[in-house]
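# Per-entry structural report
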Amino acid sequence: MEGQAPSRGLVEKPLPATATPTLSSVGAVFILLKSALGAGLLSFPWAFHKAGGVVPAFLVELISLVFLVSGLVILGYAASVSGQATYQSVVRGLCGPAVGKLCEACFLVNLFMISVAFLRVIGDQLEKLCDSLLPGSPLALRPWYADQRFTLPLLCALLVLPLSAPREIAFQKHTSILGTLAACYLALVVTVKYYLRTPGLVREPRPSLSPSSWTSAFSVFPTICFGFQCHEAAVSVYCSTRPRSLSRWALVSALSLLACCLVYSLTGAYGFLTFGTEVSADVLMSYPGDDVVIVVARVLFAVSVVTVYPIVLFLGRSVMQDFWRRSCRGAWGPRELADPSGPWVRMPLTVLWVTVTLATALFVPDLSEIVSITGGLSSFFIFIFPGLCLICAMGIEPVGPRAKCCLEAWGVLSVLVGTFIFGQSTVAALLELL
């Protein structure tokens, strides 16, 4: 930057040399879109019910969308400023080691809970599929091979584990396209089912379209955070794209979240209008199990969640690999064990992650509890950490005084909004437990 006049806006920096740019902009859109179109899609009709109706939930979603897009853009800029290729490394490089350690801890816990939620959803869909394939079979007499304690571990061994083994996240662009189409099919089914007025579905002629209080409208923030959380993957995706520029990244971020917002809004609105206050936290569980269209939706959505699980695992594994790299620095040992991205370290970490999340998912009773906890933690990665990175970046970047003041104010606002969402969701979760 020597010899140049101070910039009046965000300055693009040399990008991390540690990441190999192999991902196109279209591939980046699909990975971000698929990272967001996960298990949260099933909970959006339930969130619309909690908000008090379609209008207040949609307004909260639009307000959130502004912070969601800006958070992705800030993270791309922070990656270029810090020269780091992972989310936690960016936070540590800009905000200091103390905040970096907090980020790593929150990152691991949040990604772990997301992985558990994904496996919980897959298990529920497998259970419903077995019920549809074995009609009339009582729950107590269900064959052992139809129990999700058998089907879910089998699926993890045959599909989830092989998809999670690759070293680079760019590999996920192929499966992400399939997963995105599966999520779009679910939104289409929910919409069409509403207009067809399928007999047997629980319907309320006039569902409430106004929140009982502002608290009920704000209570959907954790579900929105849980649904739109692709920010954990933002830095890794940004550092894998080619060509890399902040303007192109801003376009990728906006297109991804706008498409995601359309799918979520259709599913949430028409799922709520179909079932009203009787909607389940997993909207597919509200539909009859013998409907062929719903059975296809269950299969495709299970495929969708299976394809997004490896992305979450990749991010959680990167945290453990960073810790392994710092721990082995300067230590004696085989060269294969010194490289955490090599198969001798990467594969055991992958197997460990899948095994622990699978064991936890088999004992979690309700998806709504996971959504509330994970949605609160997601506010750190969508609002708080990007806001802190922006504030810290303004202290070292040559930005004009007016732009610097506006950007710092936006960073402070993001931190405050994220703190409010985390506090509100934590209190709500504690009240539900009590």
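A quick note: this is a predicted structure, and the numbers were derived from the prediction, not measured.

## Some remarks on the side chain of Arg-317
Within the secondary structure, Arg-317 sits in helix H12 (residues 292-328). Once residues lying within four places of it in the same chain are set aside, the contact partners of Arg-317 are Ser-164, Ala-165, Pro-166, Arg-167, Arg-346, Leu-349 and Thr-350.

## Let's talk about the confidence of the model for the protein chain
Low-pLDDT portions of the prediction should not be read for the details of their coordinates. With 80% of its residues at a pLDDT of at least 70, the protein chain reaches an overall mean of 79. The least confident element of the protein chain, judged by mean pLDDT, is helix H13 (residues 335-338) at 59; the most confident is helix H11 (residues 246-275) at 91.

## Some words on the packing of aromatic side chains
For any pair of aromatic rings, the description rests on two quantities: the centre-to-centre distance and the angle between the ring planes. Applying the stated criterion across every chain, the model contains 18 aromatic pairs. Taking the centre distance of 6.1 Å and the plane angle of 65° together, the rings of Phe-44 and Phe-228 count as edge-to-face. Residue Phe-44 is located in helix H2 (residues 40-51), and its partner Phe-228 is located in the loop between helix H9 (221-227) and helix H10 (234-238); the two are separated by 184 residues in the primary sequence. Residue Phe-44 shares its accessibility class with Phe-228, and that shared class is buried. Judged by centre distance (5.3 Å) and plane angle (65°), the ring pair of Tyr-238 and Trp-249 falls under edge-to-face. In this pair, Tyr-238 is assigned in helix H10 and Trp-249 in helix H11, connecting sequence segments 11 residues apart. In this pair, the class of Tyr-238 matches that of Trp-249, namely buried. Taken together, the ring pairs connect Tyr-87, Phe-107, Phe-380, Phe-381, Phe-385 and Phe-422 into an aromatic cluster.

## Description of the packing of helix H4 (residues 87-95) against helix H5 (residues 97-133)
To describe two helices that pack against each other, one gives the angle between their axes and the distance between the axes. Axis separation between H4 and H5 bottoms out at 7 Å; the angle between their running directions is 160°. As far as their axial angle goes, H5 and H4 are roughly antiparallel. Note that H4 runs across H5; the crossing there is right-handed. Of the residues in H5, those in contact with Tyr-87, Gln-88, Val-91, Arg-92 and Cys-95 of H4 are Pro-97, Val-99, Gly-100, Cys-103, Glu-104 and Phe-107.

## Some details on the nonpolar core
It is characteristic of soluble globular proteins that their nonpolar side chains tend to be buried jointly. Of all hydrophobic cores here, the largest spans 122 residues; its most connected members are Tyr-87 and Phe-228. Among the elements that make up this core, the one with the highest residue count is H12 (14 residues). Those residues in contact with Tyr-87, other than ones at most four positions away along the chain, are Leu-75, Cys-103, Phe-107, His-231, Glu-232, Val-235, Phe-380, Phe-381, Phe-385 and Pro-386.

## Let's talk about a nonpolar patch on the surface
Together, Trp-144, Tyr-145, Phe-150, Leu-154, Leu-158 and Leu-159 make up a nonpolar patch on the protein surface, roughly 650 Å² of accessible area in all. Here Trp-144 is to be found in the loop between H5 and helix H6 (148-164).

## Concerning the environment of Val-412
Structurally, Val-412 is set in helix H16 (residues 401-433). The class for Val-412 is partly exposed, based on a relative accessible area of 41%.

## Brief notes about the packing of H6 against helix H14 (residues 343-361)
Direction vectors running N to C along H6 and H14 enclose 145°, while the axes themselves pass 11 Å from each other. The element H6 and its partner H14 pack so that their crossing is right-handed. Together, Leu-152, Pro-153, Cys-156, Val-160, Leu-161 and Ser-164 of H6 and Thr-350, Val-351, Val-354 and Leu-358 of H14 make up the contact between the two elements. A class-by-class count of the residues in the contact of H6 with H14 yields 8 nonpolar, 2 polar and no charged.

## Observations regarding H2
Taking 1.5 Å as the rise per residue, H2 with 12 residues should run 16 Å; its terminal C-alpha atoms sit 16 Å apart, in good agreement. With 10 of its 12 residues buried, H2 lies for the most part within the structure. Of the residues making up H2, those classed as buried are Gly-40, Leu-41, Leu-42, Ser-43, Phe-44, Pro-45, Trp-46, Ala-47, Phe-48 and Ala-51. Looking at the residues trailing H2, positive phi occurs at Gly-52, about 105°.

## Some words on the pattern of salt bridges
One pass over the full model with this rule turns up 1 salt bridge. Between Arg-92 and Glu-104 there is a salt bridge whose closest N-O contact spans 2.4 Å. With Arg-92 in helix H4 and Glu-104 in helix H5, this residue pair connects regions lying 12 residues apart in the sequence. Residue Arg-92 is classed as partly exposed on the basis of its relative accessible area, which comes to 25%. Note on Glu-104: relative accessible area 11%, which makes it buried.

Procedures and definitions
- Each chain carries its own residue numbering, running from 1 in the direction its sequence is written.
- With the structure being a predicted model, the display of local features is reserved for residues of pLDDT at least 70 and the display and counting of side-chain atom pairs for 80 or more, all residues being used for whole-chain, interface and lining totals.
- As a convention, hydrogens and water are excluded, and side-chain values are obtained from all of the structure's heavy atoms.
- Under the DSSP-based scheme used, a helix requires at least four consecutive residues in state H or I and a strand at least two consecutive residues in state E, with every element numbered from the N terminus.
- Should any heavy atoms of two residues lie within 4.5 Å, those residues are counted as being in contact.
- Per-residue confidence from the prediction method is given by pLDDT, with values spanning 0 to 100.
- Only the six-membered ring of Trp is used, alongside the rings of Phe and Tyr, when aromatic pairs are assigned; centres must lie within 6.5 Å, and planes under 30 degrees apart are stacked while those over 60 apart are edge-to-face, with the rest tilted.
- Exposure classes here rest on a 1.4 Å probe applied to the protein chains alone. A residue is buried below 20% of its type maximum, exposed above 50%, and partly exposed in between.
- Only the stretch in contact is used when fitting a helix axis, every axis being a line fitted to C-alpha atoms; angles between N-to-C directions are given from 0 to 180 degrees.
- Working definition: roughly parallel below 35 degrees, roughly antiparallel above 145 degrees, roughly perpendicular at 65 to 115 degrees, and oblique for all remaining angles.
- By convention the crossing between two helices is left-handed if the near helix lies anticlockwise of the far one by an angle smaller than a right angle, and right-handed if it lies clockwise.
- The term nonpolar core refers to a set of buried residues drawn from Ala, Val, Leu, Ile, Met, Phe, Trp, Tyr and Cys, joined through side-chain atoms within 4.5 Å.
- To count toward a patch, a residue needs a relative accessible area over 30% and no salt bridge; like charges are then connected within 9 Å, while nonpolar side chains (Val, Leu, Ile, Met, Phe, Trp, Tyr) are connected within 5 Å.
- Only the protein chains shown count as cover for residues, with accessible areas throughout obtained via the Shrake-Rupley method and a probe of 1.4 Å.
- By convention in these notes, a salt bridge is any Lys or Arg side-chain nitrogen within 4 Å of a carboxyl oxygen on Asp or Glu.
- Gly counts as polar in this scheme, as do all residues outside two lists: the nonpolar Ala, Val, Leu, Ile, Met, Phe, Trp, Tyr, Cys and Pro, and the charged Asp, Glu, Lys and Arg.
- Under the convention used throughout, the expected extent of a helix is 1.5 Å for every residue step, that is, one less than its residue count.

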